[in-house]
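Okay, here's what each chain looks like letter by letter:
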Amino acid sequence: MAARWYIIHAYSGFENKVRDSILAEAERLNLSEGVEEVEVPTETVTEIKRGKKVQVERKFMPGYVLAKLNLTDDVYHLVKNTPKVTGFLGSGNKPQAISEKEAARYFGGVEEAKSAPKKDISVDYEIGDQVKVLEGPFASFNGEVEELDFDKAKVKVSVSIFGRATPVELDFDQVELVK
């Protein structure tokens, strides 16, 4: 029987621990040939914190682990009895395998998410927040965020110049949240 991909439900936040436990237990019980791969789909995103771009690894599907298994009764029980595992994706007690193409799409979705500008950048401020301009002609000015454009990675900030509110368009990394 050929190994197929299965989606395993796990407690959110424990996906890596579940992956490690399944692999270790398979090794211990000599079931390694039944457990080919166990993956936690992640994506790398760029976040802007304190005006600096930071690469952060984030789970693509929180609460789920993908495993390529040769699903014998022993392997089924190994996974099912792993701490922090709530079960398999499927109806009742019958795990539902997904196709190679669908599994590749989950991992492909991670690649697409990396290149998609809307998901690629997150900022630690939002519309209505007070921010400080870090560089450019308005450096050290404070203002209020009016608009966020994730496609262009721009933020529109209303800055008070000579007592008048003036909208200024800046890059995400040119401002930081005032605490």
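All chains use their own residue numbering, which begins from 1 and follows the written sequence. Given that this is a predicted model, residues contribute local features only at a pLDDT of at least 70 and side-chain atom pairs are listed and counted only at 80 or more, while totals for whole chains, interfaces and linings are drawn from all residues. No hydrogens and no water enter the side-chain calculation; it runs on all heavy atoms of the structure.

- The name that an unreviewed UniProt entry assigns to the chain is Transcription termination/antitermination protein NusG, with the source organism given as Aurantiacibacter spongiae.
- Per UniProt, the chain carries the Sequence similarities (unreviewed entry) text "Belongs to the NusG family."
- UniProt positions are given in the numbering used here, feature names are shortened, and annotations may be inferred rather than shown by experiment. The UniProt entry for the chain carries the following comment under Function (unreviewed entry): "Participates in transcription elongation, termination and antitermination."

### Some points on the sheet that holds strand β8 (residues 121-123)
Alright, step 1. Whether two strands pair depends on DSSP finding at least two bridges between them. The helix and strand labels rest on DSSP assignments: H or I over at least four residues marks a helix, E over at least two residues marks a strand, and numbering proceeds from the N terminus. Spatially, three strands are ordered β4-β3-β8 in an open sheet, and the strand pairing comes out mixed. Looking at strand neighbours, the two that pair on one side only are β4 (52-59) and β8, the edges of this open sheet. On average, each strand axis in the sheet is inclined to that of its neighbour by 35°, with strand direction left out of account. Every axis in this analysis is a line fitted to C-alpha atoms, fitted for helices over the stretch in contact. Angles between the N-to-C directions lie between 0 and 180 degrees.

### Observations regarding the nonpolar core
Alright, step 1. Each nonpolar core is a collection of buried residues, namely Ala, Val, Leu, Ile, Met, Phe, Trp, Tyr and Cys, held together in the definition by side-chain atoms within 4.5 Å. Throughout, exposure labels follow a simple rule: accessible area from a 1.4 Å probe, protein chains only, divided by the maximum for the residue type, with under 20% read as buried, over 50% as exposed, and the rest as partly exposed. Core analysis: the largest hydrophobic core is formed by 21 residues, its most contacted members being I8, I22, V35, L69, V79 and F88.
Alright, step 2. Of all elements in the fold, only β1 (4-10), α1 (15-28), β2 (35-39), β5 (64-69), α2 (73-80) and β6 (85-88) reach the threshold of two or more residues within this core.
Alright, step 3. Ranked by residue count, the leading element in this core is α2, at four residues.
Alright, step 4. Excluding residues that lie within four positions of it along the chain, I22 makes contacts with I8, V35, V38, L78, V79 and T82. We call two residues in contact when some of their heavy atoms are within 4.5 Å.

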